[in-house]
Amino acid sequence: MESIQNTADTKRIPIVEKILSANDRLAAENRAILDRAGVFALNIMASPGAGKTSLIELTVQHLVNELKLAVIDGDIATSLDADRAAAAGAIAVQINTGGECHLDAVMLQQAMPQIDLQNIDLLIVENVGNLVCPASFQLGTHKSVLIASIPEGDDKPYKYPTMYRGVDALVINKIDLMPYVPFRMDYFQRGVEMLNPGLITFPLSCRTGEGLPNWLTWVRSAIRPDAYR
Ligand SMILES: Nc1nc2c(ncn2[C@@H]2O[C@H](COP(=O)(O)OP(=O)(O)OP(=O)(O)O)[C@@H](O)[C@H]2O)c(=O)[nH]1
Ligand SMILES: [Mg+2]
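Residues numbered from 1 in each chain as written. Chains lettered and ligands numbered in written order. Predicted model: local features only at pLDDT ≥ 70, side-chain atom pairs only at ≥ 80, totals over all residues. Heavy atoms only, no water.

### A word on the sheet that holds strand β4 (residues 122–126)
The following threshold applies: Following DSSP output, two strands are said to pair if at least two bridges run between them. In this description a helix means any DSSP run of H or I spanning at least four residues, a strand means any run of E spanning at least two, and both kinds are numbered starting from the N terminus. The angle between two axes is taken between their N-to-C directions and runs from 0 to 180 degrees, where each axis is a line fitted to C-alpha atoms and a helix contributes only its stretch in contact. Residue contacts follow a heavy-atom distance rule, with two residues in contact if any of their heavy atoms lie within 4.5 Å.
Spatial ordering of the open sheet is given by β3-β2-β4-β1-β5-β6-β7, a layout of 7 strands whose pairing is parallel. One side of each edge strand has no neighbouring strand; the edge strands of this open sheet are β3 (91–96) and β7 (200–203). Neighbouring strand axes in the sheet, compared pairwise and without regard to direction, differ in orientation by 20° on average. Pairing of strand β2 (residues 69–75) with β3, which is carried by 6 bridges, proceeds in the parallel orientation. The residue of β3 that forms the bridge with Val71 is Ala92. Contacts from helix α3 (residues 80–88) reach β2, β3 and β4, with the element oriented near 175° to β3.

Dropping the structure here:
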């Protein structure tokens with residue numbers, strides 16, 4: 001029995017590696033397509049309900065007069081989030097993954113032709129709500145952003161290290177709920193610092209707008225580093 005188990009394991013690992021390296025190749029193609037069109041792209045990841053669409057709506061509302069914006073929304077089902085992004089003022093495309101718990105590079109490659117990229121400055125991709133699967137699939141976007149939220153609890157960096165390790169910026173949303181929910185900010189931030197030292201972090205509330213200006217400044221400077229230095 002032992003040797004059968006080992007054989008199954010040794011066969012499984014190369015297949016997973018092959019899928020991931022095929023995905024990485026497509027992600028590199030996506031990046032090249034975006035760069036040729038002069039589009040800066042963000043991949044927004046978080047657990048379900050952390051506030052991805054809320055932050056995208058606010059970002060679109062605040063930047064729509066200065067940047068040409070598009071949103072690609074990944075969800076298992078429905079076009080609810082793309083509808084919200086469109087109502088906020090972005091060109092919006094919905095990807096329904098049909099059960100997959102993450103977006104991958106091929107899904108993005110299929111969605112991008114629905115947008116006139118030559119006419120876009122910033123593409124925001126909302127990944128499927130999940131702290132595990134999206135961490136393994138590069139999309140070709142320029143920066144990855146994780147949204148944590150106060151009601152999820154302060155232990156999440158410790159429990160989902162791969163996600164916290166791989167991102168370029170961290171939003172801590174729903175800080176308006178700090179008085180009502182036990183959340184040790186020090187403990188949370190120690191976990192983040194251990195996994196991703198110096199990670200730029202934006203505590204904010206999509207509900208009250210507190211902290212939002214710092215996030216918007218970061219987005220602007222990430223897109224056009226020279227203009228905002
Ligand atoms: N109190 C509070 N509620 C918030 C805040 N931001 C978002 N919410 C609420 O949290 C809920 C989920 O927000 P969404 O923006 O839909 O979250 P999401 O991450 O896009 O959710 P999925 O796409 O389903 O994974 C909604 O009821 C929001 O109104 C916040 O800063 N404070
Ligand atoms: Mg959403």
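### Some details on the coordination of the magnesium ion (ligand 2)
We apply this condition: Counted as coordinating are nitrogen, oxygen and sulfur atoms within 2.8 Å of the metal, or 3.2 Å for Na, K and Ca, while water is not included, which may make sites look incomplete. Whether a residue is buried, partly exposed or exposed follows from its accessible area with a 1.4 Å probe, protein chains only, as a fraction of its type maximum: under 20%, in between, or over 50%, in that order.
Listed as protein donors to the magnesium ion (ligand 2) are Thr53 (OG1), Asp81 (OD) and Glu126 (OE); their distances from the metal cover 2.0 to 2.1 Å. Read from N- to C-terminus, the donor residues coordinating the magnesium ion (ligand 2) fall into the pattern T-x27-D-x44-E. Taken together, the residues span a long stretch of sequence, with Asp81 in helix α3 and Glu126 in strand β4 at a distance of 45 residues. Like Asp81, the residue Glu126 is buried in the burial classification.

### Overview of the side chain of Ser149
Which entries qualify depends on this criterion: We call two N or O atoms a polar contact when they sit within 3.5 Å, provided that within protein one can donate a hydrogen and the other can accept it, with sequence-adjacent residues counted only if both atoms are side-chain atoms.
Residue placement: Ser149 occurs in strand β5 (residues 143–149). Looking at Ser149, its side chain comes within polar contact range of the side chain of Glu152, at 2.7 Å. Those residues in contact with Ser149 that sit more than four places away from it in its chain are Ala50, Asn173, Lys174 and Phe183.

### Regarding the site of ligand 1
Cut-off, in case you're wondering: Near residues are defined by distance, with any heavy atom within 4 Å of the molecule or strand qualifying the residue. Using a 1.4 Å probe, the Shrake-Rupley method yields the accessible areas, and only the shown protein chains count as cover for residues.
Taken together, 19 residues surround ligand 1, and among them Lys52, Thr53, Ser54, Asp176 and Cys206 come closest. Arg207 places a main-chain nitrogen or oxygen 3.2 Å from an oxygen atom of ligand 1. Protein chains shield 74% of the accessible area of ligand 1, which is 660 Å² for the free molecule. At the level of elements, α2 (52–63) and α3 are the ones that each hand at least two residues to the shell around ligand 1. Sort the elements by how many residues they give to the shell around ligand 1 and α2 lands first, with 3 residues.

### Looking at the packing of α2 against α3
Put simply, the rule reads: Note that the term roughly parallel is reserved for angles under 35 degrees, roughly antiparallel for angles over 145, roughly perpendicular for angles of 65 to 115, and oblique for everything else. By convention the crossing between two helices is left-handed if the near helix lies anticlockwise of the far one by an angle smaller than a right angle, and right-handed if it lies clockwise.
Look at α2 against α3: their axes get within 8 Å of each other, and the N-to-C directions meet at 20°. In terms of their interaxial angle, α2 and α3 are classed as roughly parallel. Considering how the two elements wind past one another, α2 and α3 form a crossing that is right-handed. On α3, the residues touching Thr53, Ser54, Ile56, Glu57, Val60 and Gln61 of α2 are Asp81, Arg84, Ala85 and Ala88.

### Topic: helix α8 (residues 212–223)
Here is the rule we go by: Here the expected length of a helix is defined as 1.5 Å per residue gap, with one fewer gap than residues. By arc we mean the arc of the directions from the helix axis to the C-beta atoms, nothing more.
When the terminal C-alpha atoms of α8 are compared, their 17 Å separation across 12 residues agrees well with the 16 Å that a helix rising 1.5 Å per residue should span. For α8, every residue scored as buried is listed here: Leu212, Trp215, Leu216, Trp218, Val219, Ala222 and Ile223. Axial view of α8: buried residues confined to an arc of 160°, hence all on one face. For α8, exposure combined with an orientation more than 90 degrees from the buried face picks out Pro213 and Asn214.

### A short note on the state of the cysteines
Our working definition: Pairs of cysteine sulfur atoms within 2.5 Å are what we label disulfides.
For the structure on display, the rule yields 1 disulfide. Through a disulfide, Cys101 is tied to Cys133; the S-S separation comes to 2.4 Å. Across the S-S bond linking Cys101 and Cys133, the dihedral sits near -100°, which makes this disulfide left-handed. Placement of Cys101 in the loop between β3 and α4 (105–111) and of Cys133 in the loop between β4 and β5 is noted, with a sequence separation of 32 residues between them.

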